[in-house]
Amino acid sequence: MAPPLPEGRGPGGGVNARTQKPKQMPTHQFQLPHPLPLENGGQLTPPTVAYQTWGHLNGARDNVVWVCHALTANADAADWWPGLVGPGCHFDPADWFIVCANVLGSCYGSTGPLTPDPETGRATFQDFPLLTVRDLVAAHEALREELGLARVHTLIGGSLGGQQALEWALQQPAVFENLVLLATNARHSAWGIAFNEAQRLAIFADATYQLNTPAGGAAGLRAARAMALLSYRSYQAYGRTQTEPTDALLTDFRAAAYQRYQGDKLAARFDAYSYVALTRTMDSHNVGRNRGGVAAALRRVRARTLVIGITSDGLFPVAEQQLLARHIPGAMYAEMDSAYGHDGFLLETAQITHFLERFHSLTYAH
């Protein structure tokens, strides 16, 4: 069972201290009361969803913000989205009741490839079933119902989180009042799938992946992360931060060291089996599947929608966000001018806040 929800005050007031470090919140565990039927067939033994909350529900219970995280993030949105979630930020726990749940397939508390099967006591590793974005949504919908949140004021997510938020808004149009989609798309592109497959090939080339141990595939995961980073950042970002200040070097370039550092950093906190599982989940994303195509599906969205693109995003180009805004009824489109590429949706919180303030001011005006 999920813990009872705290009651408190809603929008209005709150501190204005953007540098204030958010309080570390406990991670809760919710186990679905029944096996989860999967879109690809079969079912997942009653899975567990890890989640965190910040703030308090107001008396009307209409101040809920639900944050959907990206590929390798976790339920601690105040940690990985500083400047947007936390005291003094746009989504301030003094004003909002904020929920962020870890996706199935991850390694941050929700059921994933390293979770022991309750019947055998062994983790499934490579045998973990294919999960689609719709399966992730089904698990979080069960959590929403458990928490008794009949309405969500704002549902927000970027990248994989945006794919999940969009799919959820389509499935439950009466639940979500506002939808914010950043650097995401209606279906995962051939370009994105190719990037994911290249990363998986690097993991599969690591012989330890076949050993089915928690550390299996770690070297391949390092290489995969180095590949992924090239799609997350831009040519300009690397040129600005990783170019050598002198002409003397013939080896040991800072750009190469940066790739190794980022690979090591992910391998220390994530596992190869979850990475394979979640990149396959991203590949499955297509809101038009069995709904008459993408355009017809997007027309089903009823939430007031803000779509944000990033000028330098090579992985999710702005054309993909423009398509969303073109077909979602009444959607607003905004574009961030950023040199950070796809990672701009995590880093450009000042620009995101500006767009959110404009969006919400128009929301209240209507």
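Residues numbered from 1 in each chain as written. Predicted model: local features only at pLDDT ≥ 70, side-chain atom pairs only at ≥ 80, totals over all residues. Heavy atoms only, no water.

Trainee: Help me understand the overall build of the chain in this model?
Mentor: From N to C terminus, the chain includes 12 helices and 10 strands. The C-alpha atoms of the chain give a radius of gyration of 20 Å, which matches the 21 Å a tight globule of 366 residues would have. In terms of principal-axis extent, the alpha carbons of the chain reach across some 60 × 55 × 45 Å. Classification of the 366 residues of the chain by burial places 55% in the buried group. In the chain, the proportion of contacts linking residues at least 24 apart, taken out of those at least 6 apart, comes to 75%. Looking at the chain as shown, the accessible area adds up to about 15,500 Å², and 56% of this sits on carbon and sulfur atoms. (Helix = DSSP H or I, 4+ residues; strand = E, 2+ residues; numbered from the N terminus. Rg over C-alpha atoms; globule rule 2.2 N^0.38 Å. Buried < 20%, exposed > 50% of the residue type's maximum accessible area, 1.4 Å probe, protein only. Contact = heavy atoms within 4.5 Å. Areas by Shrake-Rupley, 256 points an atom, 1.4 Å probe, with all protein chains shown as cover.)

Trainee: I would appreciate a short explanation of the pattern of salt bridges in the present structure.
Mentor: Opposite charge on two side chains makes pairing possible when the charged atoms of those side chains draw close. Summed over the entire model, instances satisfying the criterion amount to 10 salt bridges. A salt bridge links Glu167 to Arg291; the shortest N-O distance between them is 2.6 Å. Here Glu167 is found in helix H3 (residues 160-171), whereas its partner Arg291 is found in the loop between helix H8 (272-283) and helix H9 (294-298), with 124 residues between them in sequence. Of the two residues, Glu167 and Arg291, neither departs from the other in class, the shared state being buried. Asp283 serves as the salt-bridge partner of Arg200, at 2.7 Å between the closest nitrogen and oxygen. (Salt bridge = Lys/Arg side-chain N within 4 Å of Asp/Glu carboxyl O.)

Trainee: Explain the packing of aromatic side chains here, please?
Mentor: Two descriptors summarise a pair of aromatic rings, namely the distance from one centre to the other and the angle between the planes of the rings. Applying the stated criterion across every chain yields a total of 12 aromatic pairs. Aromatic pair Tyr238 and Tyr258: ring centres 6.0 Å apart, planes at 80 degrees, arrangement edge-to-face. Linking Tyr238 in helix H6 (residues 235-242) with Tyr258 in helix H7 (residues 254-267), this pair joins segments that are 20 residues apart in sequence. (Phe/Tyr/Trp six-rings, centres within 6.5 Å; stacked < 30°, edge-to-face > 60°.)

Trainee: Can you help me understand the pairing of strand E9 (residues 304-310) in this one?
Mentor: Consecutive side chains along a regular strand alternate between the two faces of the sheet. Burial runs high along E9: six of the seven residues are buried. Here five bridges tie strand E8 (residues 176-182) to E9, and the two strands are oriented parallel to one another. Bridge pairing in E9 links Leu179 to Thr305. Both E9 and strand E10 (residues 332-336) contribute to a ladder of five bridges, which runs parallel. Its bridge partner being in E10, Gly309 is matched across the sheet by Glu335. Each parallel crossover has a hand, and the one from E9 via helix H10 (residues 318-327) to E10 is right-handed. (Pairing = 2+ DSSP bridges. Right-handed = clockwise from strand over helix to strand, strands pointing away.)

Trainee: Sorry, what's going on with H7 here?
Mentor: Three or four residues apart is the spacing at which side chains of an α-helix point the same way, because the helix has 3.6 residues per turn. Taking 1.5 Å of rise per residue, the 14 residues of H7 would be expected to cover 20 Å, and the 20 Å separating its terminal C-alpha atoms lies within 8% of that figure. Among the residues of H7, those classed as buried are Tyr258, Gln259, Gln262, Gly263, Leu266 and Ala267. Each buried residue of H7 sits inside an arc of 165 degrees when the element is viewed along its axis, so together they form one side. Each element contacted by the buried residues of H7 is listed here: helix H5 (218-232), H6 and H8. (Expected span 1.5 Å × (residues − 1). Arc of directions from axis to C-beta.)

Trainee: In this structure, what is going on with the side chain of His188? I would like to understand it.
Mentor: The topology assignment puts His188 in the loop between E8 and helix H4 (190-204). Assessed through its relative accessible area of 6%, His188 is described here as buried. Side chain to side chain, His188 and Gln163 meet in a polar contact 3.2 Å long. Non-local contacts of His188, meaning those with residues more than four positions away in its chain, are made with Gln163, Ile193, Asn196, Met282, Asp283, His285 and Phe316. (Polar contact = N/O pair within 3.5 Å; in protein donor to acceptor, adjacent residues only side chain to side chain.)

Trainee: Please clarify how H5 should be interpreted in this entry.
Mentor: Taking 1.5 Å as the rise per residue, H5 with 15 residues should run 21 Å; its terminal C-alpha atoms sit 20 Å apart, in good agreement. When H5 is considered as a whole, its buried residues turn out to be Gly220, Leu221, Ala224, Arg225, Ala226, Ala228, Leu229, Ser231 and Tyr232. Lining the buried residues of H5 we find H4, H6, H7 and H8.

Trainee: Would you mind going over the sheet that holds strand E4 (residues 48-54) with me for this structure?
Mentor: In any sheet, the strands associate via hydrogen bonds between backbone groups, in a parallel or an antiparallel arrangement. If you trace the eight strands from one edge of the open sheet to the other, you get E1-E4-E6-E5-E7-E8-E9-E10, paired in mixed fashion. Taken across any chain shown, the strands that pair with only one partner, and hence form the sheet edges, are strand E1 (28-31) and E10. Strand-to-strand twist of the sheet, defined as the mean angle between neighbouring strand axes without regard to direction, takes the value 20 degrees. Sheet strands in contact with H10 are E8, E9 and E10, and its direction is about 165 degrees off that of E9. (Axes fitted to C-alpha atoms, helices over the stretch in contact; angles between N-to-C directions.)

Trainee: Help me understand the environment of Val137 in this model?
Mentor: Positionally, Val137 belongs in helix H2 (residues 133-147). Judged by relative accessible area, Val137 falls into the buried class, the value being 0%. Spatially, the C-alpha atom of Val137 lies 14 Å from that of Phe176, the residues being 39 residues apart in sequence. Leaving out residues up to four positions away in the same chain, Val137 has contacts with Gln164, Glu167, Trp168 and Gln171.

Trainee: Explain the environment of Phe359 to me, please; I cannot follow it from the model alone.
Mentor: Here Phe359 shows up in helix H12 (residues 349-365). Discounting chain neighbours no more than four positions away, the residues touching Phe359 are Asn178, Leu179, Val180, Arg304, Thr305, Leu306 and Met332.

Trainee: What is the right way to read the packing of H6 against H7 from this model?
Mentor: Two quantities define a packed helix pair, namely the angle between the axes and the distance from one axis to the other. Packing of H6 against H7 brings their axes to within 10 Å, and their N-to-C directions diverge by 110 degrees. As far as their axial angle goes, H7 and H6 are roughly perpendicular. Residues Tyr238, Thr241 and Gln242 of H6 pack against Arg254, Ala255, Tyr258 and Gln259 of H7. A breakdown of the residues in the contact of H6 with H7 according to their chemical character gives three nonpolar, three polar and one charged. (Parallel < 35°, antiparallel > 145°, perpendicular 65-115°, else oblique. Nonpolar A, V, L, I, M, F, W, Y, C, P; charged D, E, K, R; others polar.)

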